Amino acid sequence: MTDSQDPLLILDHVTKRYPRGQVAVDDVTLTVAPGETLGLVGESGSGKSTLARLALGLIAPSAGTVRFAGHDPGRLRGRAGRAVRARLQFVPQHPRGSLNPSLRAGEAVNFALRTHGTPRRERPAVVAELFRQVGLDPLLARRHPGELSGGQLQRVAIARALATGPRLVICDEPTSALDPTTQAQVLQLLTELQDRLGLAYLFISHDLAVVRQLAHRVTVLRHGRVVEEGRADSIWTAPQHPYTQALLAAATDEPSLLH
Ligand code: ADP
Ligand code: MG
């Protein structure tokens, strides 16, 4: 990661107002460079998921601009658009909700490959390889989501995200529904995949202790606004904003620095 590399993702003064006038994301500017992990942290309701949806182009900003690899992610249509879209992927908080319960796990990944244009005869081998990449026995591809554990399901969701060869994966609280041991294993997997594939992550969590395990840089969101940002190590050692200090104190179970 060098300073001269163009960012993959750029949010420039982005605001999102919901119809009732509520401002969920308020004038946020941030970037994610190739190969890096930007941790986005803030308590529940601070606008993290709204920001993820803006970055994915699922909703349009009320003001400001979003660019992924130079394109508006909300306007990636046609063949060229799909090729760019393939580079931007998502891992959700609840894979059980995002995986069709009647489709076998392998079929979910196969479907992503089909959409991506991988020829039919190549897909079974690629599905098996993707399962191996996320640490799953390819035999599990035959199981339905109901027959897999939360950790296994999250690995399937990651395999599906990898199917299109992404450069940036947006992870919205990917481990918060998992028990601590499984959570640590999934975080380890994400780190290994980053090393192996050069992935960038926008890694979202309400839990600074989780973000701490893999973020290179951190942005702290409160009521939709950025209250602090910087290199991860300086955020941990010298948080400037009282809100960050309180989050950090909560994450380390130490008495709050505010008192
Ligand atoms: P977080 O992911 O940090 O918990 P969200 O982005 O989900 O925060 O929500 C931020 C704010 O926007 C909250 O006040 C939430 O109630 C509001 N909000 C989220 N989605 C919608 C929506 N579709 N319509 C109206 N308000 C919403
Ligand atoms: Mg959320």
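Criteria and thresholds
In this convention, every chain numbers its residues from 1, walking through the sequence in written order. Here the convention is simple: chains get letters from A, ligands get numbers from 1, in the order in which they are written. In view of the model being predicted, local features appear only for residues whose pLDDT reaches at least 70, and side-chain atom pairs are presented and counted only at 80 or more, with totals across whole chains, interfaces and linings using the full set of residues. For the side-chain quantities, the full set of heavy atoms in the structure was used; hydrogens and water were omitted. Here's how the labels work: a residue is buried when its accessible area is under 20% of the maximum for its type, exposed when over 50%, partly exposed in between, all with a 1.4 Å probe on protein chains only. Every helix listed is a DSSP run of H or I at least four residues long, and every strand listed is a run of E at least two residues long, numbered separately from the N terminus. In this analysis, two residues are considered to be in contact whenever any of their non-hydrogen atoms come within 4.5 Å of each other. By convention in these notes, a residue is near a molecule or strand provided one of its non-hydrogen atoms lies within 4 Å of it. Polar contact is the term for a pair of N or O atoms within 3.5 Å; when the atoms are in protein, one must be able to donate a hydrogen and the other to accept it, and sequence-neighboring residues count only if both atoms are side-chain atoms. All accessible-area figures derive from a Shrake-Rupley calculation using a 1.4 Å probe, and residue coverage is judged against the displayed protein chains alone. Lys, Arg, Asp and Glu make up the charged group, whereas Ala, Val, Leu, Ile, Met, Phe, Trp, Tyr, Cys and Pro make up the nonpolar group; the residues left over, Gly among them, are polar. A pair is scored as a salt bridge if a Lys or Arg side-chain nitrogen falls within 4 Å of a carboxyl oxygen belonging to Asp or Glu. Strand pairing requires that DSSP identify at least two bridges connecting the strands. Fitting a line to C-alpha atoms yields each axis, with helices limited to the stretch in contact; the angle taken between N-to-C directions then spans 0 to 180 degrees. An automatic or database domain assignment provides the domain bounds reported here. Put simply, buried area is how much 1.4 Å-probe accessible surface two parts lose in total, over both of them, once they are put together. Among buried residues, the Ala, Val, Leu, Ile, Met, Phe, Trp, Tyr and Cys ones that are joined through side-chain atoms within 4.5 Å form a nonpolar core.

(A) How the structure looks around helix 10 (residues 242–252). Inspection of helix 10 places Tyr 243, Thr 244, Gln 245, Leu 247, Leu 248 and Ala 249 among the buried residues, and these make up the whole buried set. Contact partners of the buried residues in helix 10: strand 3 (37–41), helix 8 (208–211), strand 8 (217–222), strand 9 (225–231) and helix 9 (232–237).

(B) Region of the structure containing the site of ligand 1. In the vicinity of ligand 1, the contacting residues are Tyr 18, Gln 22, Ala 24, Glu 43, Ser 44, Gly 45, Ser 46, Gly 47, Lys 48, Ser 49, Thr 50 and Arg 53. Taking Tyr 18, its side chain carries an N or O atom lying 3.4 Å from a nitrogen atom of ligand 1. The backbone of Ser 46 places a nitrogen or oxygen atom 3.2 Å from an oxygen atom of ligand 1. The protein chains hide 62% of the 560 Å² of surface that ligand 1 would expose on its own. Residue contributions to the shell around ligand 1 peak at four residues, all from helix 1 (residues 48–55). In terms of residue class, the shell around ligand 1 is built from two nonpolar, seven polar and three charged.

(C) Region of interest: the pattern of salt bridges. Per the stated rule, a full pass over the model turns up six salt bridges. The closest approach of N and O atoms between Asp 26 and Arg 225, which form a salt bridge, is 2.9 Å. Of this pair, Asp 26 sits in strand 2 (residues 23–32) while Arg 225 sits in strand 9, and the two are 199 residues apart along the sequence. For Asp 26, a relative accessible area of 23% puts it in the partly exposed group. On the accessibility criterion, Arg 225 (42% relative accessible area) is partly exposed. Among the salt bridges present, the one from Glu 36 reaches Arg 217, with a minimum N-O distance of 2.7 Å. Here Glu 36 is found in the loop between strand 2 and strand 3, whereas its partner Arg 217 is found in strand 8, with 181 residues between them in sequence.

(D) View of the sheet that holds strand 1 (residues 9–17). Pairing in this open sheet of three strands is antiparallel, and the strands run 2-1-4 from one edge to the other. The outermost strands of the open sheet, each flanked by one partner alone, are strand 2 and strand 4 (63–68). Between one strand and the next, the sheet's axes are offset by a mean angle of 20°, whatever the strand orientation. Bridge count for strand 1 against strand 4 is five bridges, and the pairing is antiparallel. Directly across from Thr 15, in strand 4, lies its bridge partner Ala 63.

(E) View of unusual backbone geometry. Located in the positive-phi region is Ala 69, a residue other than glycine, with phi close to 50°. Backbone geometry at Glu 173 places phi at a positive 50°, although glycine is not the residue there. Examined against the element boundaries, Glu 173 turns out to sit in the loop between strand 6 (168–172) and helix 7 (180–197).

(F) Structural view of the environment of Val 186. Looking at where Val 186 falls in the secondary structure, it is placed in helix 7. Taking the C-alpha atoms as reference points, Val 186 and Leu 136, separated by 50 residues in sequence, lie 12 Å from one another. Contacts of Val 186, omitting those with residues within four sequence positions, involve Gln 154, Arg 155, Ile 158, Thr 175 and Leu 178.

(G) Representation of the domain arrangement of the protein chain in the model. Its domain assignment divides the protein chain into domain 1 (1–87 + 167–259) and domain 2 (98–165). Placing a centre on the C-alpha atoms of domain 1 and another on those of domain 2 gives a separation of 25 Å. Carbon and sulfur atoms make up 64% of the surface buried where domain 1 meets domain 2, a total of about 1,100 Å² over both sides. Between domain 1 and domain 2 we count zero salt bridges in total. Viewed at the interface, domain 2 and domain 1 are joined by three residue pairs in polar contact (both at pLDDT 80 or more). Taken together, the residues of the side of domain 1 that touches domain 2 break down into nine nonpolar, two polar and three charged.

(H) Quick peek at the nonpolar core. Ranked by internal contacts, the top residues of the largest apolar core, which has 47 residues, are Phe 131, Ile 158, Phe 203 and Val 218. Counting residues per element, this core draws most heavily on helix 6 (residues 150–162), which supplies six residues. In this structure, this core is formed jointly by two domains, domain 1 (1–87 + 167–259) and domain 2 (98–165), each of which donates at least three residues. Beyond its immediate stretch of four places on either side in the chain, Ile 158 contacts Val 91, Val 134, Val 186, Leu 189, Leu 190 and Leu 193. Leu 9, Leu 54, Phe 68 and Val 84 belong to the second largest nonpolar core, which has 26 residues in total.

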